[in-house]
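# Summary of structural features
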Amino acid sequence: MILVKDLGMLVANEKSGYKRRYGLYKCDCGEEFKTLAYSVKQGHTKSCGCLQKKVTTQRNRKHGKRNHRLYNVWNNMMTRCYNQNHKDYSYYGLRGIKVCKEWHNIENFINDMYPTFQNGLTLDRENNDGNYESNNCRWANIYIQNRNTRVLRSTNKSGYRGVSWSSNCKKWRARCHHHGKEITIGYFEDAKDAGKAYDKFIDDNNIGGAKNES
């Protein structure tokens, strides 16, 4: 793999305000692709993605679990962490999030996680900065997932977690899902104050998850 052109400092994606140095590289397979210079320097990126596709194909042939109901969960987890072309790679692999060695074998992943699997739940890391491993993963509903993720939803206009505009009160509303119920924490003139109230509610009730000022 060789550097074709230094692309300079660019924004990682539309949700990020941080700029990082990118380069245009030519893969050993002949394809040209854009990726982070840091990722190449650290050895995280070694191809345009063709190596990952090859490894995935080999895994599929070896384990024969492609039709298992947890296959897509496992495959998405692996791809987010190791394929730099995945749309969410910057939130996982680039941050250093890895899949534990045991779970590179899908059979071990199924043995650990299938007994507690329920329809409608998704794979979630309790410590959002931790790796994918049995002692840090659980099946969670969409409310827990949203509370735990570092990434704000695209529909969030306030810029703060758990805060939305109330057209009825003409104020910012702070709210949180707790024990299966949606709880209104309060209404505020300023979105930042609503964000602080959300964080305090999380702390006071030992709910856990990502906060606005963590």
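Scroll up to find the structure this text is about.
One structure accompanies this document, and this report is about it. (Residues numbered from 1 in each chain as written. Predicted model: local features only at pLDDT ≥ 70, side-chain atom pairs only at ≥ 80, totals over all residues. Heavy atoms only, no water.)

Quick look at the overall build of the protein chain now. Looking only at helices and strands, the protein chain features six helices and eight strands. Its helices and strands taken in sequence order, the protein chain reads β-β-β-α-α-α-α-β-β-α-β-β-β-α from the N to the C terminus. Across the 214 residues of the protein chain, 37% fall into the buried class. For the protein chain, the share of sequence-separated contacts (at least 6 apart) that also reach a separation of at least 24 residues comes to 37%. Surface summary for the protein chain: the accessible area is close to 13300 Å², and the carbon and sulfur share equals 45%. (Helix = DSSP H or I, 4+ residues; strand = E, 2+ residues; numbered from the N terminus. Buried < 20%, exposed > 50% of the residue type's maximum accessible area, 1.4 Å probe, protein only. Contact = heavy atoms within 4.5 Å. Areas by Shrake-Rupley, 256 points an atom, 1.4 Å probe, with all protein chains shown as cover.)

Below, the discussion takes up the side chain of Gln84. As for its position among the elements, Gln84 is in the loop between helix H3 (71–82) and helix H4 (106–113). Look past the residues within four positions of Gln84 in its chain and what remains in contact with it is Phe33, Thr35, Thr45, Ser47, Cys48, Gly49 and Tyr89.

Here the focus is the nonpolar core. One finds Met77, Trp103, Phe109, Leu123 and Tyr132 to be the most contacted residues of the largest nonpolar core, which totals 21 residues. Those elements that place two or more of their residues in this core are H3, H4 and strand S5 (137–140). Broken down by element, the residue count for this core peaks at five residues, all from H3. Filtering out sequence-adjacent residues up to four positions away, Trp103 remains in contact with Trp74, Met77, Met78, Asn108, Phe109, Asp112, Met113, Tyr132, Glu133, Ser134 and Cys137. (Core = buried A, V, L, I, M, F, W, Y, C linked by side-chain atoms within 4.5 Å.)

Let's shift gears to the environment of Asn119. With respect to the element layout, Asn119 can be found in the loop between H4 and strand S4 (122–125). A relative accessible area of 61% places Asn119 in the exposed class. In the structure, Asn119 is positioned 20 residues away from Trp139 in sequence and 9.6 Å away in space, judged by C-alpha atoms. Side-chain polar atoms of Asn119 contact the side chain of Arg69, separated by 2.6 Å. (Polar contact = N/O pair within 3.5 Å; in protein donor to acceptor, adjacent residues only side chain to side chain.)

Attention now goes to the environment of His68. Note that His68 resides in the loop between helix H2 (50–63) and H3. When the C-alpha positions of His68 and Ile110 are compared, they lie 9.0 Å apart, and in sequence the two are 42 residues distant. Not counting the four nearest positions on each side in its chain, His68 is found in contact with Ile110 and Tyr114. Looking at His68, its side chain comes within polar contact range of the main-chain nitrogen of Leu70, at 3.0 Å.

A separate point is the pattern of salt bridges. Here the structure, examined in full by the defined rule, presents five salt bridges. Glu189 serves as the salt-bridge partner of Lys171, at 3.7 Å between the closest nitrogen and oxygen. Taken together, the positions of Lys171 in strand S7 (residues 171–178) and Glu189 in the loop between strand S8 (181–188) and helix H6 (191–204) put the pair 18 residues apart, joining distant regions of the chain. Overall, Glu189 belongs to the exposed group, its relative accessible area being 62%. A salt bridge links Asp204 to Lys200, with the shortest nitrogen-to-oxygen separation between them at 2.6 Å. Of the two residues, Asp204 and Lys200 are both situated in helix H6; the distance of four residues between them amounts to about one turn of the helix. Pair check on accessibility: Asp204 and Lys200 agree, each one exposed. (Salt bridge = Lys/Arg side-chain N within 4 Å of Asp/Glu carboxyl O.)

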